[in-house]
Amino acid sequence: MSSDPDLPQRILACVEAIPPGHVMTYGDVAEYVGSRTPRQVGHVLAQDGGTVPWHRVLRADGSFADHLRDEQRQRLIAEGVRVNNGRVDLRRYRWDGRADAKSS
DNA sequence: ATGTTGACACCGG
DNA sequence: TCCGGTGCCAACA
């Protein structure tokens, strides 16, 4: 299998599947949907990202995109996510796509 | 087909 | 831990 035709659709579905208070990195979403490149995830969000909670998707470092980091930061905080100096606690809010990890 | 840009990730210092 | 440069893949002109 390689490059499904509904890849963008899957990405949007994956982002929509992210529960509030949780976040996913572009690389994780890409891997989850089958994309080999996290860049494609960003491109898809740029197209129809307005139809999905894109603010729950952030970078591998836990930071946000340059143009959206302001809005994302506020939104994540509103969701109850703990943000530190523009950095989100991935190890705590990183969603695997199965259930919410509870590690304490 | 080629070159450039990009809502990224990884490695080295 | 923070900063910079490099690599990967896909979309666009």
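Computed from a predicted model, the values in this text were never measured in an experiment.

Asks: So what exactly am I meant to see when it comes to the packing of helix α2 (residues 26-33) against helix α3 (residues 38-48) here?
Replies: When two helices pack together, their arrangement is given by the angle between the helix axes and the distance between those axes. In the contact formed by α2 and α3, the axes pass within 8 Å of each other and the chain directions differ by 95 degrees. In terms of their interaxial angle, α2 and α3 are classed as roughly perpendicular. Across the interface between the two elements, Tyr26, Gly27, Val29 and Ala30 of α2 pack against Pro38, Val41, Gly42 and Leu45 of α3. In terms of residue class, the contact of α2 with α3 is built from 6 nonpolar, 2 polar and no charged.

Asks: Help me understand the environment of Asp70 in this model?
Replies: If you trace the backbone, Asp70 turns up in helix α4 (residues 69-79). We classify Asp70 as partly exposed; its relative accessible area is 45%. Remark: the alpha-carbon pair of Asp70 and Gly86, spanning 16 residues in sequence, is separated by 8.7 Å.

Asks: What am I meant to see in the protein's contact with DNA strand B here?
Replies: Around DNA strand B sit 14 residues, and of these Arg39, Leu45, Ala60, His67 and Leu68 come closest. Atoms of DNA strand B within 4 Å of the protein: sugar and phosphate make up 49%, bases the balance. One of the backbone nitrogen or oxygen atoms of Leu45 is found 3.0 Å away from a base nitrogen of DNA strand B. Ala46 has a polar backbone atom sitting 3.5 Å from a base nitrogen of DNA strand B. Taken together, the elements giving at least two residues each to the surface near DNA strand B come down to α2 and α3. With 5 residues, α3 is the single largest residue contributor to the surface near DNA strand B. Its residues assigned to classes, the surface near DNA strand B comprises 8 nonpolar, 4 polar and 2 charged.

Asks: What exactly am I supposed to notice about the protein's contact with DNA strand C here?
Replies: In the neighbourhood of DNA strand C, the contacting residues comprise Arg36, Thr37, Arg39 and Gln40. Across the atoms of DNA strand C situated within 4 Å of the protein, the share located in sugar and phosphate is 92%. Broken down by class, the residue content of the surface near DNA strand C amounts to no nonpolar, 2 polar and 2 charged.

Asks: Teacher, can you tell me more about the nonpolar core here?
Replies: General note: in soluble globular proteins, nonpolar side chains tend to be found buried as a group. The biggest cluster of nonpolar side chains holds 18 residues, and the ones touching the most others in it are Ile11, Val15, Val29, Val41, Leu45 and Val57. Sorting the residues of this core by element identifies α1 (7-17), α2 and α3 as the ones contributing at least two each. It is α1 that contributes the most residues to this core, 5 residues altogether. If near-sequence neighbours (up to four positions away) are discounted, Val57 is found in contact with Val15, Ile18, Met24, Thr25, Tyr26, Val29, Leu45 and Gln72.

What counts, and where the lines are drawn
- Residues numbered from 1 in each chain as written.
- Chains lettered and ligands numbered in written order.
- Predicted model: local features only at pLDDT ≥ 70, side-chain atom pairs only at ≥ 80, totals over all residues.
- Heavy atoms only, no water.
- Axes fitted to C-alpha atoms, helices over the stretch in contact; angles between N-to-C directions.
- Helix = DSSP H or I, 4+ residues; strand = E, 2+ residues; numbered from the N terminus.
- Parallel < 35°, antiparallel > 145°, perpendicular 65-115°, else oblique.
- Contact = heavy atoms within 4.5 Å.
- Nonpolar A, V, L, I, M, F, W, Y, C, P; charged D, E, K, R; others polar.
- Buried < 20%, exposed > 50% of the residue type's maximum accessible area, 1.4 Å probe, protein only.
- Near = heavy atom within 4 Å.
- Polar contact = N/O pair within 3.5 Å; in protein donor to acceptor, adjacent residues only side chain to side chain.
- Core = buried A, V, L, I, M, F, W, Y, C linked by side-chain atoms within 4.5 Å.

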